[in-house]
Amino acid sequence: MPFYHKLGNIPAKRHTQFRKPDGSLYYEQLFGTIGFDGMYTNSYHEQRPTQVKEIKKQYSVAPKIAKTNNIQSYRLKGFEVKPEIDFLESRKTVLINSDCAIILAAPKQSTKDYFYKNTDADELIFIHKGTGKLRTMLGNLDFKYGDYLLVPRGIIYKIDFDTEDNRLFIVESRRPIYTPKRYRNWFGQLLEHSPFCERDIRRPHELETNNESGDFLIKVKKQDDIIEMVYASHPFDVVGYDGFNYPYAFSIHDFEPITGRIHQPPPVHQTFETDAFVVCSFVPRLYDYHPLSIPAPYNHSNIDSDEVLYYVDGDFMSRNDVAAGHISLHPAGIPHGPHPGATERSIGKTKTDELAVMVDTFKPLKVTEEAMKISDDSYHKSWLE
Ligand SMILES: [Fe+2]
């Protein structure tokens, strides 16, 4: 996150002696991104963060691809993904390209006997159902319905759920995920016309410092493999850190919609950007107020991007027969638009209570076998009268 955060105790100057009460040194770790050019954090550990004890199993979790070069629109019934006990096993990749993976998950239990680290993808976890606590080496974040949790690559974490009823929509991104550049000034501060500002961004607020030795299992995701690594010290042993690279939370309910006299294009809903896809939040808002306005969107040809819409809550005015938890995929190359009757139905309406997350990818998405299990094979014909 491009603003400064400090938690716990740190020395007055970086790369200088920082001593424990017994006189020995804390272990400093520079945690950088984009080589030494990107956002970074300096953290101070009770023990060396490098103590690999054993490398155990390594196995592939690559999704099985059902369809490449896809031109068919799909509807996926997300809530038909079966709940599973384990957080990692519950994650089902439904759409994927070389930049990102779109994942649905219904984990029933917290991560108990392992830690998790994704080495080469930022993870954006949208909480559709569930409450709990994201616990990381750089502090904890409480979460609830509507939260986006942004975990930068390399951050070791666990996730605690309060109940077994959890539904997550996750985007794994091999490109760094940022807030849109056009909403930030020269100094990185969010501008006046940004639909959210720094006050809406929740930073880690409690730091767990466990100075423990033993066997600590970290399941490390590298490309499409999970590697089980055992470390000799507890991964959450940081006494303090500062910098710009840390996990954070942002609630979709804190997104302030931008509206107009006539239909505003999707970029007004943009919440996150990468150089490979964007993420938009569609939130309850007033409709267009030109006397002859048509609130429903026009047909459009998304010739350069695959459009993925994840329906969260409310009434989805441009579609017939979509429900919470559904995903629509409108692939690049063919136009799509409102369903029959939706345009007429929208005229005269003054507001919408729809809540949805959109991911537009610049490279085509492959459809996985997991997606086929929950797909509605007739959706692509749903614009016929
Ligand atoms: Fe669209």
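Treat the numbers as computed from the prediction; the structure is a model and nothing was measured.

Draft legend 1. Seen up close, the packing of aromatic side chains. Applying the stated rule across the entire model yields 16 aromatic pairs. An angle of 35° between the planes, with centres 4.6 Å apart, marks the rings of Phe18 and Tyr26 as tilted. Like Phe18, the residue Tyr26 is buried in the burial classification. Ring geometry for Phe143 versus Phe161: centroids 5.9 Å apart, planes at 75°, classification edge-to-face. Placement of Phe143 in strand 12 (residues 139-143) and of Phe161 in strand 14 (residues 157-161) is noted, with a sequence separation of 18 residues between them. As far as the burial class goes, Phe143 and Phe161 line up, both buried. Three or more aromatic residues link up through ring pairs in this structure, and these residues are Phe126, Tyr148, Phe196, Phe250, Phe255 and Phe272. Against the face of Phe115 rests Lys158, its NZ or CZ located 4.5 Å from the ring centre.

Draft legend 2. The arrangement of the UniProt feature "domain: Homogentisate 1,2-dioxygenase N-terminal" (unreviewed entry) in the protein in detail. UniProt's entry tags residues 50-251 with the feature "domain: Homogentisate 1,2-dioxygenase N-terminal" (unreviewed entry), counted in the numbering of this structure. A helix fraction of 2% and a strand fraction of 48% characterise residues 50-251, whose end C-alpha atoms lie 35 Å from each other.

Draft legend 3. Summary view of the coordination of the iron ion. His300 (NE2), Glu307 (OE) and His336 (NE2) make up the full set of protein donors to the iron ion, lying at 2.1 to 2.4 Å. Classification of Glu307 as buried rests on a relative accessible area of 9%.

Draft legend 4. Examining the UniProt feature "binding site: Fe cation" (unreviewed entry) in the protein more closely. Those places that UniProt annotates as "binding site: Fe cation" (unreviewed entry) correspond, in this numbering, to His300, Asp306 and His336. Maximum C-alpha separation among the annotated residues is 12.3 Å over a sequence range of 37 residues, consistent with a single clustered spot. Considered against the largest pocket, the annotated residues that line it turn out to be His300 and His336. Classification of His300 as partly exposed rests on a relative accessible area of 25%. Residues within four places of His300 in sequence aside, it is in contact with Glu307, Ile334, Pro335 and His336. Relative to the elements of secondary structure, His336 occurs in strand 27 (residues 335-336). Looking at His336, the relative accessible area reads 6%, which means it is buried. Ignoring sequence-local partners within four residues, the contact set of His336 consists of Tyr298, Asn299, His300, Asn302, Glu307, Arg319, His330 and Trp383.

Here is what the cut-offs are and how they apply
Residues numbered from 1 in each chain as written. Predicted model: local features only at pLDDT ≥ 70, side-chain atom pairs only at ≥ 80, totals over all residues. Heavy atoms only, no water. Phe/Tyr/Trp six-rings, centres within 6.5 Å; stacked < 30°, edge-to-face > 60°. Buried < 20%, exposed > 50% of the residue type's maximum accessible area, 1.4 Å probe, protein only. Helix = DSSP H or I, 4+ residues; strand = E, 2+ residues; numbered from the N terminus. Lys NZ or Arg CZ within 6 Å of the ring centre and 35° of its normal. UniProt positions renumbered as here; feature names shortened; annotations may be inferred. Donors = N, O, S within 2.8 Å, 3.2 Å for Na, K, Ca; no water. 1 Å grid on protein atoms, 1.4 Å probe; cavity = no way out; pocket = protein on both sides within 12 Å on 5 of 7 lines; lining within 4 Å. Contact = heavy atoms within 4.5 Å.

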